Each structure stands twice: as C-alpha cells, then as structure tokens.
Amino acid sequence: MLYWKKGNESLKTDEKISLSQFLIQKFHTTSRLAFYSSTGWYNRLYINFTLRRHIFFFLLQTYFPSTLMVMLSWVSFWIDRRAVPARVSLGITTVLTMSTIITGVNASMPRVSYIKAVDIFLWVSFVFVFLSVLEYAAVNYLTTVQERKERKLREKFPCTCGMSHTKTMMLDGIYGDPDSNSLAGYTKSQIVTEDVEKQVVHLALSPNSSASRKKGIKGHVGFRLMQHTHAIDNYSRMIFPASFIFFNLIYWSVFC
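Keep in mind that this is a model prediction, so the values were computed, not measured.

As for the overall build of the protein chain
A count of helices and strands for the protein chain gives 5 helices and 4 strands. Across the protein chain, helices and strands are ordered from the amino to the carboxyl terminus as β-β-α-α-α-β-β-α-α. Looking at the protein chain as a whole, 27% of its 256 residues qualify as buried. Residue pairs in contact within the protein chain that sit at least 24 positions apart in sequence constitute 59% of those at least 6 positions apart. Split by element, the accessible area of the protein chain, about 17800 Å² in all, is 62% carbon and sulfur.

Below is the structure:
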C-alpha cells in the first residue's frame, strides 16, 4: 500500500523553477485505488497542481491589439459622411483585422468545447467593430433619403429669388396668396433645409422697410443648416466608447 508519509509536505518545489506560460499557485497530494479487471485493485499516488496562466503575454498579443482595432473603428465617426471610400475601407479593414486576430488566437489555443474568457473579449470586440460598419450604412442610407427629398422639394418649389414682393410667400404651405401682402417689405428669400420634411425661408430686410419690421426681424437672418443624419455620428461618438468601457469594467472584474 502506497501513501504519502507527510501529506502535502512530502513534496517540495524549487523556487527557481518556473514555466513560460503558467505560474504554479499550489498543489496537494492524494491517494486512490485503481481497479484492473485482470489483476484487481491497486493503490496510486496523485499530485494535483493548480496553475495560473501568465496574462501579460496575452495582453500584448491579443487584448491590446483588439482594443486598438475597436478604437480605430471609432475614427470613422469623425470622418465626413460623404467620404464613402474612407469610411468603408476603414470599417472593412478593422473587421478583417479582428477576424485575423480571432483566427490566430484559436489556432494557438487548445480546441475545447467550452467558451474561454479570451473568446468572450474577442467576439465582443468583433461585434463593436461590425456595428461601426453598420452605423455608417445607416448614415449613408438616411443621407440618400434626405437628399432625394430635398431634390424633389427643389423641383416642386423653385427658388423665389428675384420675384416681386407681391408674389413672395412661404413655401411650406403655411401662408397663401392673401398673406403675401404682409411680406411687402421683403425683397429676397432663400431656402435652407432645417428639417427633413420642413422648409424654412429666411428673409432679409430691405433698406426701405419700416422700423417695426426692423425691430421684429432684428437684422439679417443668416443660414442655418441642420443635418439630422449627423446626429447618428454624434450619438455614436458617445455610445460606442461608453459601452466598450462598461464592458471592460465588467469583464476584468469577473475574470481577474
């Protein structure tokens, strides 16, 4: 019968011995019986080691590059929405880079059936990169819809610059012909888009207009162009980083 004479103290390790990928945290000794059908029961001695993986290597090779790729995908939110080649190429490049990182990590890791901690981080990072590509697809589609509506409105309501004051009126349907007489002091109207479905006409006072009209208008009214499709980029600049930081707080608090 085999047994450990001093239990866990029967085995001692040299402090100079170290592993390249793991750190020996603790070990404990046990003894068990093993049964063989041909010869019977035999006693066995076991030593169980508890190992901890060195994470600094994976921080440099996996976590840090993945974080940089996610942050690089956010750069497209600051690029002009009309720069289609720049934003599309940046999104596709980050997606392909994340796919390469995931493939390389899975090739170096053992093929197990359960989900590893590094898999969760990599796939969540991949989702963030992929969502940034979808974000520009939504911006581009809404921009196209907005430009199509503006084109139809320009074709339906031509510019009234140079028209006589008796024919000047609001083009959004609020005022009719009888109300055009109230605009007699205005000589120039310009159309700018303030909403996707609303046109606002900015009027400049003529030199001969009355003091009451000058007081009501208070000088020249400048252009104001509100591009609502830019709001998606503005929100993405805040939502994407905040969500990724929140994910990192939960991830490292659970797995560290």
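Next comes the rest of the account.
Comments concerning a positive patch on the surface
On the surface, Arg-148, Arg-151, Lys-152 and Arg-154 cluster together into a patch of positive charge. Its location among the elements puts Arg-148 in helix H3 (residues 117-156). By relative accessible area, which is 38% here, Arg-148 ends up partly exposed.

Comments concerning the environment of Thr-97
Relative to the elements of secondary structure, Thr-97 occurs in helix H2 (residues 84-108). Thr-97 sits in the partly exposed class, given a relative accessible area of 26%. For the pair Thr-97 and Met-69, spaced 28 residues apart in sequence, the C-alpha separation works out to 7.5 Å.

What about the UniProt feature "transmembrane region" (unreviewed entry) in the protein chain?
Cross-referencing UniProt, the feature "transmembrane region" (unreviewed entry) maps to residues 55-76, 88-108, 120-142 and 234-254 in the present numbering. Helix makes up 100% of residues 88-108 and strand makes up 0%, while its end C-alpha atoms are separated by 31 Å. The distance from the first to the last C-alpha atom of residues 234-254 is 31 Å, and the span holds 100% helix and 0% strand.

A closer look at the packing of aromatic side chains
Here the structure, examined in full by the defined rule, presents 20 aromatic pairs. Judged by centre distance (5.3 Å) and plane angle (85°), the ring pair of Phe-128 and Phe-244 falls under edge-to-face. Linking Phe-128 in helix H3 with Phe-244 in helix H5 (residues 230-255), this pair joins segments that are 116 residues apart in sequence. Summarising the burial analysis for this pair, Phe-128 and Phe-244 share the class buried.

A word on the side chain of Glu-135
If you trace the backbone, Glu-135 turns up in helix H3. Overall, Glu-135 belongs to the buried group, its relative accessible area being 6%. Of the polar contacts made by the side chain of Glu-135, one reaches the side chain of Arg-87; its length is 3.3 Å. Apart from the residues within four sequence positions on either side, Glu-135 is in contact with Phe-77, Arg-87, Ile-232, Asp-233 and Ser-236.

Comments concerning the confidence of the model for the protein chain
In the predicted model, the protein chain carries a mean pLDDT of 76, and 71% of its residues have values of at least 70. Confidence over residues 163-212 falls short of pLDDT 50; this stretch has 80 contacts with residues more than four positions distant or in other chains.

Observations concerning the packing of H2 against H3
Across the interface, H2 lies against H3 with an axial gap of 10 Å and an inter-helix angle of 165°. In terms of orientation, H2 lies roughly antiparallel with respect to H3. Classified by chirality, the crossing of H3 by H2 is left-handed. Residue-level inspection shows Val-84, Arg-87, Val-88, Gly-91, Thr-94, Val-95, Met-98, Ser-99, Ile-101, Ile-102, Val-105 and Asn-106 of H2 in contact with H3, the latter providing Val-118, Asp-119, Leu-122, Trp-123, Ser-125, Phe-126, Val-129, Phe-130, Val-133, Glu-135 and Tyr-136. Of the residues contributing to the contact of H2 with H3, the split by class is 15 nonpolar, 5 polar and 3 charged.

What about the pattern of salt bridges?
The final tally for this structure, using the stated rule, is 4 salt bridges. In this structure, Arg-82 engages Asp-80 in a salt bridge whose closest nitrogen and oxygen atoms are separated by 3.0 Å. On the basis of relative accessibility, which here comes to 53%, the residue Arg-82 falls in the exposed class. Of the residues examined, Asp-80 reaches a relative accessible area of 33% and is grouped as partly exposed.

So, how was this worked out
Residues numbered from 1 in each chain as written. Predicted model: local features only at pLDDT ≥ 70, side-chain atom pairs only at ≥ 80, totals over all residues. Heavy atoms only, no water. Helix = DSSP H or I, 4+ residues; strand = E, 2+ residues; numbered from the N terminus. Buried < 20%, exposed > 50% of the residue type's maximum accessible area, 1.4 Å probe, protein only. Contact = heavy atoms within 4.5 Å. Areas by Shrake-Rupley, 256 points an atom, 1.4 Å probe, with all protein chains shown as cover. Patch = residues over 30% accessible without salt bridge, like charges linked within 9 Å, V, L, I, M, F, W, Y side chains within 5 Å. Salt bridge = Lys/Arg side-chain N within 4 Å of Asp/Glu carboxyl O. Lys, Arg positive; Asp, Glu negative; His and termini not counted. Charge placed at Lys NZ, Arg CZ, Asp CG, Glu CD. UniProt positions renumbered as here; feature names shortened; annotations may be inferred. Phe/Tyr/Trp six-rings, centres within 6.5 Å; stacked < 30°, edge-to-face > 60°. Polar contact = N/O pair within 3.5 Å; in protein donor to acceptor, adjacent residues only side chain to side chain. pLDDT = per-residue confidence, 0-100. Axes fitted to C-alpha atoms, helices over the stretch in contact; angles between N-to-C directions. Parallel < 35°, antiparallel > 145°, perpendicular 65-115°, else oblique. Left-handed = near helix turned anticlockwise from the far one by under 90°. Nonpolar A, V, L, I, M, F, W, Y, C, P; charged D, E, K, R; others polar.

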